[in-house]
Amino acid sequence: MKCERVQNWLENHGEEPLSQEWQELLIHSKGCFDCSLILKNRAGMFEAMKNLPPPEIPADLRQKISISIDLVKPEEDVDVKPSFVDNMVDFIIKPVQIALSIACLMMIVSIVNLRESPTKVGSPANIARIALKKPQTKPFKKSRFEPEDQLVKVTREDISDFMKKLQEYQRMHPEMNVSAQPVMPGELAVFGQTP
Amino acid sequence: MVEKENILGTFTAQRMSEDMRTPESEEIELVRLARSGNRKAFDRLVEKYHGQVYQLAFRFFNNKEDAQDATQEVFLKVYRALGNFEGRSSFKTWIFRITSNTCSTICQEKTKNKKTLLQALIDWFSKPPVQDPSRVVTEKEYQMELQSAITEKISKLPEAYRMPLILRDIEGYSHERICEILDLKEGTVKSRINRGRRILQESLESFFQRKESL
């Protein structure tokens, strides 16, 4: 059975400051072949890692990095400062953008209001309100053919003139003379009269 | 504009060597210029960090092609995300975090794509021949073989343990820095390092036995 006291301690406390426990382990490892070998090998491993030769850097590495950065698309090049022309175009376009945005916003609001209005009318509260509302009666304009409030004075001449015109009309249009045609009893009933 | 050109002119004139550290203020200025779209400033940052990023990626994959791909991907991400860099951590920590995440992503994608039969055959034939344990080797040869084995075994470690172990035992960063880079709690980082070390040590058992026989 291999002793792993030192190995286990190193795994759990290897990066902590040396303690009394470590001193005890050192004393133990002096008499323990497995633990002393582990300590020896660990030291050899550290020594080898410390002296690892640095890898040879490829000569064309910088050039390759430079090429790969050159291949970055211009739109990804976010850190580049905008030119004078860009600033000018931006200066002109910005107010237009703001105006368009406001117009769009107003249009959306009005569309939303239009869509919402039927539902508002249809709500029970609104229906009740409309039903209770008194009908508004607007005063009609007087027609120019309507008679004036004041009575017009008619003379005998006017009446005789009118009667003459009426007789002339009846003579010219005998079919319009109602009193001359025979009337059936049913027809008179329509007008609420009995023969 | 003139001020920027003067700063760049100063940097171009100095052209410091790879291992010479740029003062922090200069790096902040470079990052600021790169953020504003200055390509030369970005190239200076690439020049400064591409070696370190490549080294980290190479330790992770133990493969030149994958390390190169990862390095290119890292700088592409840095270029795109430079505008989001807030400076809460250092630029180096930020770039190392991107490297760690990129390596993990590539590793996960590779494990998803199952190997074809042809690829498996090619890999099998391209593996170095197993050394005869009875072969007599010198101490120097043994050290080289051990280092080569460690590099290979690290790249075979479970992904979760790989980057913490590399950053701690090879790159030599502190726990706090590793926590910052990997965006993990200190306890998690420590346990991953310890567990990774144990797995690595157990996988190198045969090499240590050879050492005993020397």
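See the structure printed just above.
Residues numbered from 1 in each chain as written. Chains lettered and ligands numbered in written order. Predicted model: local features only at pLDDT ≥ 70, side-chain atom pairs only at ≥ 80, totals over all residues. Heavy atoms only, no water.

A. Region of the structure containing the interface of chain B and chain A. At the junction of the two partners, chain B supplies 47 residues and chain A supplies 43 residues. A buried area of about 4,100 Å², summed over both sides, lies between chain B and chain A, and 56% of it is on carbon and sulfur atoms. At the boundary of chain B with chain A, the tally comes to 5 salt bridges. Note that B:Arg198 and A:Glu4 form a salt bridge whose closest N and O atoms lie 3.4 Å from each other. Taken together, the connections running from chain B to chain A amount to 13 residue pairs in polar contact (both at pLDDT 80 or more). Contributions of two or more residues to the side of chain B that touches chain A are made by α3 (39–61), α4 (64–81), α7 (139–156), α8 (159–170), α10 (186–203) and α11 (205–213) of chain B. With 11 residues, α3(B) is the single largest residue contributor to the side of chain B that touches chain A. A class-by-class count of the residues in the side of chain B that touches chain A yields 16 nonpolar, 15 polar and 16 charged. (Contact = heavy atoms within 4.5 Å. Buried area = accessible area lost by both parts, 1.4 Å probe. Salt bridge = Lys/Arg side-chain N within 4 Å of Asp/Glu carboxyl O. Polar contact = N/O pair within 3.5 Å; in protein donor to acceptor, adjacent residues only side chain to side chain. Helix = DSSP H or I, 4+ residues; strand = E, 2+ residues; numbered from the N terminus. Nonpolar A, V, L, I, M, F, W, Y, C, P; charged D, E, K, R; others polar.)

B. The arrangement of the pattern of salt bridges in detail. Here the structure, examined in full by the defined rule, presents 17 salt bridges over all chains. Two residues, A:Glu11 and B:Arg198, come together in a salt bridge whose shortest N-O distance is 2.7 Å. Note that A:Glu11 is positioned in helix α1 (residues 5–13) and B:Arg198 in helix α10, a pairing that runs across two chains. Accessibility expressed as a relative area gives 8% for B:Arg198, which makes it buried. Here B:Glu86 makes a salt bridge to B:Arg88, at a shortest N to O gap of 2.7 Å. The pair formed by B:Glu86 and B:Arg88 is uniform in burial state, with each residue classed as exposed. What you see here is one network of salt bridges that share partners, running through A:Glu4, A:Glu11, B:Arg195, B:Arg198 and B:Glu202. (Buried < 20%, exposed > 50% of the residue type's maximum accessible area, 1.4 Å probe, protein only.)

C. Representation of the nonpolar core within the structure. Residues and elements named next belong to chain B. Val78, Phe91, Ile95, Ile150, Leu167 and Leu204 are the most contacted members of the largest nonpolar core, which has 63 residues in total. At 12 residues, α3 tops the list of elements feeding residues into this core. Look past the residues within four positions of Val78 in its chain and what remains in contact with it is Phe42, Phe91, Trp94, Ile95 and Ile98. (Core = buried A, V, L, I, M, F, W, Y, C linked by side-chain atoms within 4.5 Å.)

D. Structural context of α1(A). Of all the positions in α1(A), only A:Val6, A:Gln7, A:Trp9, A:Leu10 and A:Glu11 are classed as buried. Contact partners of the buried residues in α1(A): α2 (20–31) and α3 (33–50) of chain A together with α10 of chain B.

E. How the structure looks around the packing of α3(B) against α4(B). Residue and element names in this part refer to chain B. As a packed pair, α3 and α4 sit with axes 8 Å apart at the nearest point and diverge in direction by 140 degrees. One finds that α3 runs oblique with respect to α4. Crossing of α3 against α4: the hand is right-handed. Only Lys64, Asp66, Ala67, Gln68, Ala70, Thr71, Val74, Phe75, Val78 and Tyr79 of α4 make contact with α3, whose side of the interface consists of Phe42, Leu45, Val46, Tyr49, His50, Val53, Tyr54, Ala57, Phe58 and Phe61. For the contact of α3 with α4, the residue count by class is 15 nonpolar, 3 polar and 2 charged. (Axes fitted to C-alpha atoms, helices over the stretch in contact; angles between N-to-C directions. Parallel < 35°, antiparallel > 145°, perpendicular 65-115°, else oblique. Left-handed = near helix turned anticlockwise from the far one by under 90°.)

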